[in-house]
Amino acid sequence: MGDKHFYMNLAIQLAESVVGQTSPNPAVGCVVVKNGQILGMGAHMKAGEPHAEVNALKQAGEKAEGADLYVTLEPCSHTGRTPPCADLIIEKKIRRVFIAGLDPNPVVAGNGAAKLRNAGIPVEYGICEQQAEKLNKFYFHFMKTKKPFITLKTAVTFDGKTAASSGNSKWITSDEARLDVHLYRHRHDAILVGINTVLYDNPHLTTRLPQGGKNPIRIVLDTHLKIPMECNLLNDNAALTIIVCGKHANKQKRRAIEEKGIKVKKMSAEKIEIEPLLDWLGEEQILSVFVEGGSSVHSSFIDSGFFQEMIMYMAPKLLNDGKGTSAFAGIPKQSLQDSIPLVFKSIEQIGPDIKVIVEPMER
Ligand SMILES: Nc1c(/N=C/[C@H](O)[C@H](O)[C@H](O)COP(=O)(O)O)[nH]c(=O)[nH]c1=O
Ligand SMILES: Nc1c(N[C@@H]2O[C@H](COP(=O)(O)O)[C@@H](O)[C@H]2O)[nH]c(=O)[nH]c1=O
Ligand SMILES: [Zn+2]
């Protein structure tokens with residue numbers, strides 16, 4: 001592995017360590033090297049704080065002059081909440097810049113690299129580009145679509161049920177699988193469930209990992225504001241919570257919920273439609289949403305065509321309950337031709353369960 005890839009992999013590892021905490025900014029890592037000696041390493045810790053290049057160059061100090069700089073995203077050339085990194089790199093007299101990929105943010109895209117070249121600093125890019133892009137797939141998707149990246153997650157028995165006909169669903173999958181789910185909660189900006197999940201499970205929808213983790217914004221789709229006033233989500237103050245309702249939802253109920261400091265988003269239509277919801281979430285700078293169910297919510301995302309990834313945890317349990325809740329409750333289909341083509345991305349065992357990740361096939 002050439003030394004270019006060695007140092008870019010180190011920068012990617014730095015970026016990987018901060019995934020989940022930099023939104024709405026990308027997770028970025030940077031390494032400053034001269035004569036095979038690492039002079040500085042840095043990552044972007046949090047939106048609004050210094051960028052990865054600033055942190056790495058600070059560590060390198062005056063020795064940065066004539067050094068090489070490896071960074072997992074094209075250095076910014078604009079002043080958002082922080083000054084442009086490209087200018088700092090020029091000021092510090094860096095010799096060469098290596099970047100994994102261009103920044104899809106239209107404000108930056110290519111300008112950072114051009115600014116460096118115009119200042120006489122050669123820029124080479126495309127080093128470990130796929131790995132770096134995968135790291136920031138939420139950010140890249142958002143910059144392209146201005147809508148959040150949607151991950152659907154469901155947990156089913158071997159016969160595809162998410163609950164017995166009694167409504168009971170505790171528990172389908174193992175502690176190990178449920179712990180894996182909390183990693184996704186940490187990495188997504190928001191978690192979303194339907195009102196039935198709230199009525200049946202009274203969930204907290206918080207991230208409970210041994211190492212801690214960030215609680216995502218909690219979103220409940222509740223067209224008629226059926227949410228019980230005494231439920232956990234409205235009373236545990238664990239995270240920013242948004243209840244989404246339809247145009248005709250009861251005004252008194254809306255005010256009562258808002259008095260608890262909970263945001264109520266009233267859509268302009270009677271029912272909650274997915275595309276306008278995603279447009280609004282994008283405007284709110286929410287770049288990724290983990291949709292944890294239930295079946296009717298999953299099906300509305302699937303029938304709308306707005307989902308980028310689906311994770312299914314399957315337990316080695318056979319409920320064999322003909323009236324049990326099926327994982328999906330979409331509109332009736334005439335034939336298999338109407339099924340949605342998927343691509344299996346990975347299949348792995350987690351404890352006694354299996355975890356399958358699929359993506360919709362690009363049409
Ligand atoms: N019933 C199961 C799941 N059920 C998932 C539902 O969304 C449930 O409301 C939440 O997990 C509630 O829990 P919390 O208070 O938010 O931690 N998910 C799983 O992965 N396995 C299962 O067995
Ligand atoms: N996080 C990051 C970059 N993020 C880029 O800068 C934008 C945010 O700018 P600001 O509001 O000033 O923080 C963000 O949308 C993305 O285009 N750029 C970099 O050079 N290095 C970094 O570490
Ligand atoms: Zn920057």
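Above this text is the structure in question.
In this report, we go over the structure that sits alongside the text. (Residues numbered from 1 in each chain as written. Chains lettered and ligands numbered in written order. Predicted model: local features only at pLDDT ≥ 70, side-chain atom pairs only at ≥ 80, totals over all residues. Heavy atoms only, no water.)

What follows concerns the overall build of the protein chain. Of the regular secondary structure elements, the protein chain holds 12 helices and 16 strands. Whereas a compact globule of 363 residues would reach a radius of gyration of roughly 21 Å, the protein chain reaches 23 Å, a difference of no more than 12%. A principal-axis box enclosing the C-alpha atoms of the protein chain has dimensions of 70 × 45 × 40 Å. Across the 363 residues in the protein chain, those meeting the buried criterion constitute 50%. Across the protein chain, the fraction of contacts at a sequence separation of at least 24, relative to all contacts at a separation of at least 6, is 70%. Carbon and sulfur atoms make up 52% of the accessible area of the protein chain, which amounts to about 17600 Å² in all. If the 43 positive side-chain charges of the protein chain are averaged to one point and the 40 negative ones to another, these points end up 3 Å apart. (Helix = DSSP H or I, 4+ residues; strand = E, 2+ residues; numbered from the N terminus. Rg over C-alpha atoms; globule rule 2.2 N^0.38 Å. Buried < 20%, exposed > 50% of the residue type's maximum accessible area, 1.4 Å probe, protein only. Contact = heavy atoms within 4.5 Å. Areas by Shrake-Rupley, 256 points an atom, 1.4 Å probe, with all protein chains shown as cover. Lys, Arg positive; Asp, Glu negative; His and termini not counted. Charge placed at Lys NZ, Arg CZ, Asp CG, Glu CD.)

Right, let's get into the coordination of the zinc ion (ligand 3). Of the protein atoms, only H51 (ND1), C76 (SG) and C85 (SG) coordinate the zinc ion (ligand 3), at distances of 2.0 to 2.3 Å. Note that the zinc ion (ligand 3) binds 4 donor atoms; their angles at the metal cover 104 to 116°, and the shape is tetrahedral. Within one chain, the residues donating to the zinc ion (ligand 3) are spaced in sequence as H-x24-C-x8-C. Taking relative accessible area as the criterion, C76 reaches 6% and is therefore assigned buried. (Donors = N, O, S within 2.8 Å, 3.2 Å for Na, K, Ca; no water. Tetrahedral: all angles 85-135°; square planar, octahedral: opposite > 155°, others 65-115°.)

Taken in spatial order, the 9 strands line up as β11-β10-β9-β8-β12-β6-β13-β16-β15 in an open sheet, and their pairing is mixed. The outermost strands of the open sheet, each flanked by one partner alone, are β11 (263-266) and β15 (342-350). Sheet twist, expressed as the mean angle between neighbouring strand axes with direction ignored, is 20°. Two strands pair when backbone bridges link them, and strand β8 (residues 190-194) and strand β12 (residues 288-293) are joined in this way by 4 bridges, in the parallel orientation. (Pairing = 2+ DSSP bridges. Axes fitted to C-alpha atoms, helices over the stretch in contact; angles between N-to-C directions.)

The next thing to look at is the site of ligand 1. Near ligand 1 you find 16 residues, and of these I172, T173, D201, L205 and R208 are the closest. Between ligand 1 and K153 there is a distance of 2.9 Å, counted from a nitrogen atom to a side-chain nitrogen or oxygen. Take L205: an N or O atom from its main chain is 2.8 Å from an oxygen atom of ligand 1. In the complex, the protein chains occlude 91% of the 520 Å² of accessible area that ligand 1 would expose alone. Going through the elements one at a time, β6 (149-156), α7 (175-187) and α8 (195-201) are the ones with two or more residues in the shell around ligand 1. Sort the elements by how many residues they give to the shell around ligand 1 and α7 lands first, with 3 residues. (Near = heavy atom within 4 Å. Polar contact = N/O pair within 3.5 Å; in protein donor to acceptor, adjacent residues only side chain to side chain.)

Here we take up helix α11 (residues 274-283). Of all the positions in α11, only I274, L277, L278, W280, L281 and G282 are classed as buried. Looking at the residues trailing α11, positive phi occurs at Q285, about 65°.

Attention now moves to the site of ligand 2. In the neighbourhood of ligand 2, 19 residues make up the surrounding shell, with H51, E53, R81, T82 and D103 lying closest. Interatomic distance of 2.8 Å between a backbone N/O atom of C76 and an oxygen atom of ligand 2. Contact with the protein chains covers 96% of the free accessible surface of ligand 2, which is 510 Å².

Judged by nonpolar contacts, the single largest core of 28 residues is most densely connected at V32, L57, L69, I89, I94, V97 and L116. Counting only elements with at least two residues in this core, the list comes to β1 (29-34), α2 (52-60), β3 (68-71), α3 (85-91), β4 (96-99), α4 (111-118) and α6 (137-145). Leaving out residues up to four positions away in the same chain, I94 has contacts with V32, L57, A64, G66, A67, L69, I89 and I121. Core analysis: the next-biggest nonpolar cluster, separate from the first, contains 26 residues, A155, A177, A249 and F290 among them. (Core = buried A, V, L, I, M, F, W, Y, C linked by side-chain atoms within 4.5 Å.)

A separate point is the packing of aromatic side chains. Counted under the stated rule, the structure contains 6 aromatic pairs. The interplanar angle of 45° and the centroid separation of 5.3 Å between the aromatic rings of Y7 and Y70 together place this pair among those described as tilted. Linking Y7 in helix α1 (residues 3-16) with Y70 in strand β3, this pair joins segments that are 63 residues apart in sequence. Among the residues examined, Y70 registers a relative accessible area of 2% and is labelled buried. Relative to F98, the ring of Y70 lies with its centre 4.6 Å away and its plane at 10°, an arrangement referred to as stacked. In this pair, Y70 sits in strand β3 while F98 sits in strand β4, placing the two residues 28 residues apart along the sequence. Taken together through their ring pairs, the aromatic side chains of F6, Y7, Y70 and F98 make up a single cluster. Over the ring of W171 we find K170; its NZ or CZ atom is 4.6 Å from the centre of that ring. (Phe/Tyr/Trp six-rings, centres within 6.5 Å; stacked < 30°, edge-to-face > 60°. Lys NZ or Arg CZ within 6 Å of the ring centre and 35° of its normal.)

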